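Residues per chain, in single letters:
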Amino acid sequence: MKMNDFIKTLKQQPRQGGIPLSNSLLTAVGQANQAARQTPTVITPSPAAAGVSGAVNQQVQQLAQQLANEMVAQQQQSQILSRNGRVYTKFDSVNDIVKNQTEVVTAGLWSDGVAGLKTYFTSSTQTTTQREYYVDVYQATPTATGSAVQYSLAFGHALGSGSDSQGQLNDSPAKAIYSQYRQLLLNPNDMRFTTAGSGSTDYIYVVNFKRDRVKERLDAGNWELPLRTISSSRPTNATGSVNVTGSTVIQLIDDSSISNGSNTTSGKVYNIVSGSLNSGVHNVSAPHYYGIAYPDHGALVLDGKMLDQKLNFQTNTGSSSEGNNHFALHHSISGSALLTNGATGDAFSFLARNSEKVSSTHYFVRIKNAEYNFSNNPSYVTGSVGQIAQSTFISDPKTYITTVGLYNDSQELLAVAKLSKPLLKSFQREALIRVKLDF
């Protein structure tokens, strides 16, 4: 079929839908397809054309490589300029930040972080009514600079004996104290303190540490209370300094070194026993019990019966009698400082440490050799164009890192960490600084 006839045939077909082909046209198309399958077309360029094409491809590759090198060089230069003039570096949240690190921190409980107390003072600023309930003890003369209350002492009796009810039935300081600590430390249904020394006891002595000094809790196994025996008959009212103490000192600690303690509504509690931090519990097989320690509340509850038996406290348990027994405990503690501890060669001291659980987040500040070698401090440059003040810094800049600031995404300063000493930084030095944030 000629080409003109073929075109005419196509024009005569309907414009919508499929285009039917005549039998002769189908035969022609089929023959053409068969010929195409049997005789593949091969294009062979001439040697001259192949040489020109290869040269062009080589030139294109060279230009592309040159352009890529220029782009890499520009990127590297941009990075160098960015590092040299960098003010902020974003933390890698995976590799640079370690969260939820928990550790237990202990420190000396007394003022200035010391662990041993050897001086004891009371204050005349406490009113007479206050002194009937408790006595505050200072580490220095109350009027001296830095003097502060270290702990308080109190005496409680379940029936109110040992203190004057001032004519009010069932209303005496001793009963109020016993009731207060019973509600604070015992289970709801317990009406009496029960110790391993004498069982249920009607009267107690309490050492109550100042809450801000205890922090989270009294550090169990890290306190030692020295008590000096009372050798002569004490007066009915023990507020004066006429108490004569004996030559024996009994040291009290908790039994956390040999016991897991008991879990109560007041937290973990331990027995108070005779012993020392240096030597541990005396007579481990059969300890001498003196009371109960409540580390979570920062309170030591001493069994009055045991203090009478072992230390001759001669507790005043008269009905409506103003005994001020807690002052006898004060004299026993302060009197121990007048004797020398044979184990240490020093005067006996009241030892105590606090304890708290601290959660921390660690930020690792990684400073590469090419970073933070220039300072934006105005003293680093001079002149109207900002020329580096020290000529030697032009080719070999140096800075000293003193502070690390932590910022949020809005570049607002949230925290500041100070280094213990300036840290030299240059192109020859890198630095890794760990910032610990406690909360």
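Here is what the cut-offs are and how they apply
Position numbers for residues start from 1 in each chain and track the written sequence from start to end. Confidence filtering applies because this is a predicted model: local features only for residues at pLDDT of at least 70, side-chain atom pairs given and counted only at 80 or more, and all residues used for totals across whole chains, interfaces and linings. Heavy atoms throughout the structure, all of them, feed into the side-chain values; hydrogens and water do not. Secondary structure counts use DSSP, requiring at least four H or I residues in a row for a helix and at least two E residues in a row for a strand, with both numbered from the N terminus. Burial classes: relative accessible area under 20% of the type maximum marks a residue as buried, over 50% as exposed, and values in between as partly exposed (1.4 Å probe, protein chains only). Working definition of accessibility: Shrake-Rupley area with a 1.4 Å probe, residue cover restricted to the visible protein chains. In the sections that follow, a salt bridge refers to a side-chain nitrogen of Lys or Arg positioned within 4 Å of a carboxyl oxygen of Asp or Glu. Without a salt bridge and with relative accessible area above 30%, a residue can belong to a patch; like charges are then joined within 9 Å and nonpolar side chains (Val, Leu, Ile, Met, Phe, Trp, Tyr) within 5 Å. To estimate how far a helix should reach, multiply one less than its number of residues by 1.5 Å. Here is the rule: rings of Phe, Tyr and Trp (six-membered ring for Trp) pair when centre to centre is within 6.5 Å. Planes less than 30 degrees apart are stacked, more than 60 are edge-to-face, and the remainder are tilted. The charge count includes Lys and Arg as positive and Asp and Glu as negative, but it does not include His or the ends of the chains. Any pair of N or O atoms that falls within 3.5 Å is considered a polar contact. Within protein, one atom must be able to donate a hydrogen and the other to accept it, and sequence-neighbouring residues count only if both atoms are side-chain atoms. The contact rule is simple, with two residues in contact once any of their heavy atoms fall within 4.5 Å. When DSSP finds two or more bridges between two strands, those strands count as paired. What we call a nonpolar core is a set of buried Ala, Val, Leu, Ile, Met, Phe, Trp, Tyr and Cys residues that are connected through their side-chain atoms within 4.5 Å. On a range of 0 to 100, pLDDT expresses the predictor's confidence in each residue.

## Topic: the overall build of the chain
Part 1 of the reasoning: Tallying secondary structure elements over the chain gives eight helices and 22 strands in all.
Part 2 of the reasoning: A total of 439 residues make up the chain; the buried ones form 36% of that total.
Part 3 of the reasoning: On the chain, roughly 25,500 Å² of surface is accessible, and the fraction owed to carbon and sulfur atoms is 50%.

## Quick look at the pattern of salt bridges
Part 1 of the reasoning: Under the definition given, this model contains nine salt bridges.
Part 2 of the reasoning: Glu216 is the partner of Arg217 in a salt bridge, and the nearest nitrogen-oxygen pair spans 3.3 Å.
Part 3 of the reasoning: Residue Glu216 is classed as partly exposed on the basis of its relative accessible area of 30%.
Part 4 of the reasoning: Between Asp296 and Arg217 there is a salt bridge, with its nearest N and O atoms 2.9 Å apart.

## Notes on a nonpolar patch on the surface
Part 1 of the reasoning: Together, Val87, Tyr88, Tyr407, Leu413 and Val416 give the surface a local cluster of nonpolar side chains, amounting to about 460 Å² of exposed area.
Part 2 of the reasoning: The residue Val87 is located in the loop between helix H3 (47-84) and strand E1 (97-108) in this model.
Part 3 of the reasoning: Take Val87: its relative accessible area is 48%, and that puts it in the partly exposed class.

## Structural notes on helix H8 (residues 325-336)
Part 1 of the reasoning: Relative to the 16 Å expected for 12 residues at 1.5 Å per residue, H8 spans 17 Å between its end C-alpha atoms, a close match to the ideal helical length.
Part 2 of the reasoning: Here H8 lies mainly inside the structure; 12 of its 12 residues are buried.

## Overview of the packing of aromatic side chains
Each aromatic ring pair is summarised here by two numbers: the centre-to-centre distance and the angle between the ring planes.
Part 1 of the reasoning: Within the structure shown, the criterion is met by 12 aromatic pairs.
Part 2 of the reasoning: With a centroid separation of 5.5 Å and an interplanar angle of 65°, the aromatic rings of Tyr151 and Phe350 are classed as edge-to-face. Taken as a pair, Tyr151 in strand E4 (residues 149-157) and Phe350 in strand E16 (residues 350-351) lie far apart in primary sequence, 199 residues in all. Side by side, Tyr151 and Phe350 carry an identical accessibility label, which is buried.
Part 3 of the reasoning: Following the ring pairs from residue to residue traces out a cluster consisting of Trp110, Tyr151, Phe209 and Phe350.

## Observations regarding the side chain of Arg213
Part 1 of the reasoning: By secondary structure assignment, the location of Arg213 is in helix H6 (residues 211-214).
Part 2 of the reasoning: Lacking a salt bridge, the buried Arg213 has Asp212 as its closest oppositely charged neighbour, with an N-O distance of 4.8 Å.
Part 3 of the reasoning: A polar side-chain atom of Arg213 sits 3.1 Å from a polar atom in the side chain of Ser111.
Part 4 of the reasoning: Once residues lying within four places of it in the same chain are set aside, the contact partners of Arg213 are Leu109, Trp110, Ser111, Ala148, Val149, Gln150 and Asn354.

## Quick look at the side chain of Thr315
Part 1 of the reasoning: In this structure, Thr315 sits in the loop between helix H7 (304-311) and H8.
Part 2 of the reasoning: Exposure remark for Thr315: the relative accessible area of 10% places this residue in the buried category.
Part 3 of the reasoning: There is a polar contact of 2.7 Å between the side chain of Thr315 and the side chain of Tyr205.
Part 4 of the reasoning: Contacts of Thr315, omitting those with residues within four sequence positions, involve Phe155, Tyr203, Tyr205, Arg234, Gly304, Asp308 and Asn325.

## A look at the pairing of strand E21 (residues 413-426)
Part 1 of the reasoning: In terms of strand pairing, strand E20 (residues 398-407) meets E21 through nine bridges, oriented antiparallel. Counted as the bridge partner of Thr399 is Lys425 from E21.
Part 2 of the reasoning: Between the end of E20 and the start of E21, which pair antiparallel, lie five residues, with Gln411 showing a positive phi angle near 60°.

## Section: the nonpolar core
Part 1 of the reasoning: Tyr151, Phe209 and Phe350 are the most contacted members of the largest nonpolar core, which has 39 residues in total.
Part 2 of the reasoning: Setting aside chain neighbours within four positions, we find Tyr151 in contact with Trp110, Leu117, Tyr120, Val135, Asp136, Val137, Val207, Asn208, Phe209, Lys210, Ile333 and Phe350.

## Comments concerning the pairing of strand E17 (residues 353-367)
Part 1 of the reasoning: When E1 meets E17, the two strands line up antiparallel, connected through 10 bridges. From the neighbouring strand, Ala107 faces E17, where its bridge partner is Asn354.
Part 2 of the reasoning: As judged from the two bridges shared by strand E8 (residues 217-218) and E17, these two strands associate in the antiparallel manner. Opposite Leu218, over in E17, you have Asn354 as the bridge partner.

## Observations concerning the confidence of the model for the chain
Close reading of the predicted structure is inappropriate where its pLDDT is low.
Part 1 of the reasoning: Taken residue by residue, the chain gives an average pLDDT of 85. The fraction at 70 or more is 84%.
Part 2 of the reasoning: Considering only residues more than four positions removed or in separate chains, one finds that residues 16-33, a stretch of pLDDT under 50, has six contacts.

## Here we look at H7
Part 1 of the reasoning: Buried within H7 are the following residues: Gly304, Met306, Leu307, Asp308 and Leu311.
Part 2 of the reasoning: Of the surrounding secondary structure, the elements contacted by the buried residues of H7 are strand E6 (199-201), strand E7 (203-209), strand E9 (225-230), strand E10 (245-254), strand E14 (289-294) and strand E15 (299-303).
Part 3 of the reasoning: Phi turns positive, to about 55°, at Asn312, one or two residues after H7.

## Overview of unusual backbone geometry
Part 1 of the reasoning: The backbone of Asn312 shows a phi angle near 55°, a positive value even though the residue is not glycine.
Part 2 of the reasoning: By the secondary structure assignment, Asn312 is in the loop between H7 and H8.
Part 3 of the reasoning: Backbone geometry places Asn324, a non-glycine residue, at a positive phi of 45°.
Part 4 of the reasoning: With respect to the helices and strands, the residue Asn324 is situated in the loop between H7 and H8.

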